[in-house]
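Summary of the model geometry
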2 protein chains.
Amino acid sequence: MSLPHAILTALLEKPSSGLELTRRFDRSIGYFWSATHQQIYRELGRLERDGLIRALPSATATRGQKKSYEVLPEGRAELARWTAAGQDPKPMRDALLLRLRAAAVVGTDGIEEDLRRHLALHRNRLAEYEEIECRDFPPGSDAIEDRLRHVVLRAGIDLETFWTRWLARALDELTAPGPNGPSDLADEVHDRAGEA
Amino acid sequence: MSLPHAILTALLEKPSSGLELTRRFDRSIGYFWSATHQQIYRELGRLERDGLIRALPSATATRGQKKSYEVLPEGRAELARWTAAGQDPKPMRDALLLRLRAAAVVGTDGIEEDLRRHLALHRNRLAEYEEIECRDFPPGSDAIEDRLRHVVLRAGIDLETFWTRWLARALDELTAPGPNGPSDLADEVHDRAGEA
DNA sequence: TATTTCATGTAAGTCGTTACATGATTGT
DNA sequence: ACAATCATGTAACGACTTACATGAAATA
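Residues numbered from 1 in each chain as written. Chains lettered and ligands numbered in written order. Predicted model: local features only at pLDDT ≥ 70, side-chain atom pairs only at ≥ 80, totals over all residues. Heavy atoms only, no water.

The name given to chain A in an unreviewed UniProt entry is PadR family transcriptional regulator, and the organism recorded there is Streptomyces spectabilis.

Written as structure tokens, this is what we have:
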């Protein structure tokens, strides 16, 4: 149940329409909580129905017309309640690690190319985050709101740093010659099919 | 569509029943792809229906009786096809980062306690992974299958290391006194509600 | 026999993804 | 007028979550 609270946070930072929210999710907020425009419109409908947000008076009620929302006191209270309540971390899900484990069983065809592609993507995102840090968080800012936002961005930077380093290492392990050379895995595994 | 392939990988490593798979997902595989027993039973039914796995002949057909599965050649082929195909990384979703961003708007009540709890959890998991590394991957193993499994475990270790460091840093930022002290955020933000 | 544990499943509801539909505005 | 774009939705489906149901085996 995080999407409604992500939207409440975004609307408190600045009242917006559905499409504006979608764009903001593509930029900053979506870096740690992504959402499509369909999810956002559905959730805006629910939040309005439940009395946590309301459409700005200026907005007309017809389809295709821009319609902006603002957070009501009940919405702010609900966000504060959710923020203060503890939550257990969700177990992670990473398809790339799963594929690597599968590759240890059925062979490594196609993996190296994809690791390189992921490495390039993570390097790009890392550069993007570091640019944001230079622009928005010059050294010496000290209000606690800024410190919080900065430490969140820092998580993104450190995570992308981890991925770039780990992918480089995985590529090393994948391409380094083993005792029988790097390309004999598929047959070898096939011979061992069915063992414990 | 990763769950069926996670199950195929697990079954190739060792034929198992639904409950055995559930336990293995709680241990090693679930470290990067978690699943509940309901998901697993449903998926086993689909995989059997589609001819990718089959129940071992010994298994009886009645409810409440243990029923083990093994992978058929079609299942192995499907797993190899999926493993070789490229996939885009999914955007990440982390509720804790979202809560920190929300806390910058509605106040930091309750956050510090939860950060400490998360820090303890990640430290425990890190210790767990490092123990597995010492036990299962002594220095000098060099078959490519072992190198692959090791580098996957390494991702887990490095990720938990990142989280412990980042959480410690976040706690520093949260508890360090700011220009107006650490406890005045809620009121301050409330005064600023509605600005750009 | 009664309880607990093992083991397999059903059902309902929410969330996320993909594809499509519709109205309004702007530019040519 | 026409096309492109902005903007708001609907519909359908699959994935995930939570709660519950049922049968078999062990054990007290």
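Some remarks on the protein's contact with DNA strand D
Surrounding DNA strand D, one finds 21 residues, the nearest of these being Leu19(A), Tyr41(A), Lys67(A), Gln38(B) and Gln65(B). Counting only atoms of DNA strand D within 4 Å of the protein, the fraction found in sugar and phosphate groups is 56%. Contact between DNA strand D and Leu19(A): a phosphate oxygen at 2.7 Å from a main-chain N or O atom of the residue. Here a sugar or linking oxygen of DNA strand D and a side-chain polar atom of Gln65(B) are 2.9 Å apart. Where the surface near DNA strand D is concerned, the elements lending two or more residues are helix H2 (18-26) and helix H3 (37-49) of chain A together with helix H3 (37-49) of chain B. Ranked by residue count, the leading element in the surface near DNA strand D is H3(B), at four residues. A class-by-class count of the residues in the surface near DNA strand D yields three nonpolar, 10 polar and eight charged. (Near = heavy atom within 4 Å. Polar contact = N/O pair within 3.5 Å; in protein donor to acceptor, adjacent residues only side chain to side chain. Helix = DSSP H or I, 4+ residues; strand = E, 2+ residues; numbered from the N terminus. Nonpolar A, V, L, I, M, F, W, Y, C, P; charged D, E, K, R; others polar.)

Section: the environment of Asp109(B)
The residue Asp109(B) is located in the loop between helix H5 (95-106) and helix H6 (111-136) in this model. A residue is classified by how much of its surface remains accessible, and Asp109(B), at 60% relative accessible area, is exposed. Among all residues touching Asp109(B), those that are not within four sequence positions of it are Thr83(A) and Ala84(A). (Buried < 20%, exposed > 50% of the residue type's maximum accessible area, 1.4 Å probe, protein only. Contact = heavy atoms within 4.5 Å.)

Side note on the protein's contact with DNA strand C
Gln38(A), Arg42(A), Gln65(A), Leu19(B) and Tyr41(B) are the nearest of the 21 residues found near DNA strand C. For DNA strand C, the backbone portion of the atoms within 4 Å of the protein, that is sugar and phosphate, comes to 56%. In the environment of DNA strand C, a phosphate oxygen lies 3.0 Å from a nitrogen or oxygen atom belonging to the side chain of Gln39(A). Contacts to DNA strand C include Arg23(B), whose side-chain N or O atom sits 3.0 Å from a phosphate oxygen. Breaking the surface near DNA strand C down by element, the ones donating at least two residues are H3 of chain A together with helix H2 (18-26) and H3 of chain B. Among the elements that make up the surface near DNA strand C, the one with the highest residue count is H3(A) (four residues).

Regarding the domain arrangement of chain A
Split into domains, chain A comes out as domain 1 (3-58 + 66-83) and domain 2 (95-175). Centre-to-centre separation of domain 1 of chain A and domain 2 of chain A, based on C-alpha positions: 28 Å. (Domains from an automatic or database assignment.)

Some words on the sheet that holds strand S2 (residues 53-55) of chain A
In space, the three strands of this open sheet follow the order S1-S3-S2 (chain A), with antiparallel pairing throughout. Edge positions in the sheet fall to strand S1 (16-17) and S2 of chain A, since each of these pairs with one other strand and no more. (Pairing = 2+ DSSP bridges.)

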